[in-house]
Amino acid sequence: MSFEPKILGIACNWCTYTGADLAGTTRLQYPQNLRVVRVMCSSRINPSFIFRAFQLGADGVLVGGCHPGDCHYNTGNLYARRRLAVTKKILEFSGIEPERFRVEWISASEGNRYAEVVTEFTEQVKQLGPQTKFKISR
Amino acid sequence: MASSFKQIEDKLKTEAKKLLKTGQVSVVLAYGKGYDDNHPMPYIAKLPSDADNIVFNEYCTHNLARYLVRYPKGTKIAVAVKAADSRAVIQLIQEEKVKREDLILLGLPAYGMKNSKTGEIIDSQTTCGLYNPVLYDTLLGEEVHGQPVVSPYDVLAQYEAMDKDARFEFWKKEFDKCIRCYACRKACPMCYCDPCFIDQNNPRWGEKSPQSHGNLMYHLTRFHHLAGRCIDCGECSRACPVDIPLYLFHKKVAKECEEMFGQASGMRIDDKPVLVNFRVDDSDKILE
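Residues numbered from 1 in each chain as written. Chains lettered and ligands numbered in written order. Predicted model: local features only at pLDDT ≥ 70, side-chain atom pairs only at ≥ 80, totals over all residues. Heavy atoms only, no water.

A. Fine view of the packing of helix α2 (residues 47-55) of chain A against helix α3 (residues 76-94) of chain A. Residues and elements named next belong to chain A. Where α2 meets α3, the axes come as close as 10 Å, and the angle between the chain directions of the two elements is 35 degrees. When you trace α2 past α3, the crossing you get is right-handed. Residues P47, I50, F51 and F54 of α2 pack against R83, L84, T87, I90 and L91 of α3. Class assignment of the residues belonging to the contact of α2 with α3 gives a composition of seven nonpolar, one polar and one charged. (Axes fitted to C-alpha atoms, helices over the stretch in contact; angles between N-to-C directions. Helix = DSSP H or I, 4+ residues; strand = E, 2+ residues; numbered from the N terminus. Left-handed = near helix turned anticlockwise from the far one by under 90°. Contact = heavy atoms within 4.5 Å. Nonpolar A, V, L, I, M, F, W, Y, C, P; charged D, E, K, R; others polar.)

B. Just the packing of aromatic side chains, in detail. This model, assessed by the stated rule, comprises 19 aromatic pairs over all chains. Judged by centre distance (5.0 Å) and plane angle (70 degrees), the ring pair of F170 of chain B and W171 of chain B falls under edge-to-face. Accessibility classification places F170 of chain B together with W171 of chain B in one group, the buried group. Their ring planes at 35 degrees and their centres at 6.2 Å tell us that F175 of chain B and F223 of chain B sit as a pair that is tilted. Taken together, the residues span a long stretch of sequence, with F175 of chain B in helix α4 (residues 164-176) and F223 of chain B in helix α6 (residues 212-225) at a distance of 48 residues. Taken as a pair, F175 of chain B and F223 of chain B share a single burial class, namely buried. Three or more aromatic residues joined by ring pairs form one cluster here, namely F93 of chain A together with Y159, F170, W171, F175, F223 and F249 of chain B. (Phe/Tyr/Trp six-rings, centres within 6.5 Å; stacked < 30°, edge-to-face > 60°. Buried < 20%, exposed > 50% of the residue type's maximum accessible area, 1.4 Å probe, protein only.)

C. Examining the state of the cysteines more closely. Under the definition given, this model contains one disulfide over all chains. Of the cysteine sulfurs around C71 of chain A, a residue in no disulfide, the closest is that of C41 of chain A, at 4.0 Å. Sulfur of C128 of chain B: no disulfide; nearest cysteine sulfur belongs to C233 of chain B and is 8.3 Å away. On the basis of relative accessible area, C128 of chain B is assigned to the buried category, the value being 8%. (Disulfide = S-S within 2.5 Å.)

D. Structural view of the pattern of salt bridges. By the definition in use, this model includes 31 salt bridges over all chains. One salt bridge connects D282 of chain B with R82 of chain A, and the closest N-O pair in it is separated by 2.8 Å. With D282 of chain B in the segment after α8 (246-261) and R82 of chain A in helix α3, this pair bridges two chains. Across the pair, R82 of chain A and D282 of chain B agree in class, each one buried. (Salt bridge = Lys/Arg side-chain N within 4 Å of Asp/Glu carboxyl O.)

Structure below.
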């Protein structure tokens, strides 16, 4: 059986989650490996969520937010951009593949793009194989 | 020619006595005698007569900015600051934990500080590589000049060049040594959260017993919390009883923050810490 990655998606309520909804209602096909968690804003994401997801066995983490300047709360994603950039550098220096973590800006009308990003990211994580470095062995 | 440690100590004593006598400050944070000469301790002088107990020698590495946040707001404090310590004070002022007008900074220009565990001279390998305080009211002694200028980030090159699997093994080995004594947190002037995320039970961010995955969670999150705030004093690694090179990771994060956001921590009072600030024209490239 081929490797099916588990991917955590964290999506902003106003853009990416609505975009995912649109992808669904327009019946676009995309892989089912993504488990989406809805948050009110991408700046709600505590970097510990990402470390914790990797520890609990996620093979990849995809964060979706509004395009910079389009945030429902005006500036939320601008803070998130800086914060998640640091998270990425920390993951990289700690030795995990930085390709397992990705931030994308997807607006509510970009259902196509949502499907594209999910397909592409799932393929990328599939190439990398199972994530064993952070995962807690039980 | 830089002043000797003895000269600086004498000046520090006189200055502390004067400040306490005139009532300009209610406490002076400085160094006192420990169990031997190689292990001085932070010392809090409250009476003019206490000032005689102050010592300053090459082993006084502690970052005294650590103790500023313990006092209620409005307390007048005089604090002896070396180079990195003054950056910590600036960072605390930026974060509005202390007010500039409540502080009197006694600058100590000190070259040749030594690690009391190993006896090695502390330079840009483990710290920011500055020897003169960035901010002070009175400088006790002459400025240090003529030391070679080395980038504090040079030491990172060999770790950045490592293969990512090798780097993961390196950090795993280091973090597995951790006994979770939290000496790094106690020594850090920027770690003032109450309660610390790792002490919280709901949500429980990470395992509290010294196990591999809990250690990883604690250290990675701590590096993240200190991103753009760490002033590179290296005190966490010197306080560590099992010698984890925490300074390496802090340097790496500081370097990335400086490159991405163009601002070094603790250099100017009017700056805002990088992660509570943003620019509309930040590039999306930083996420790649």
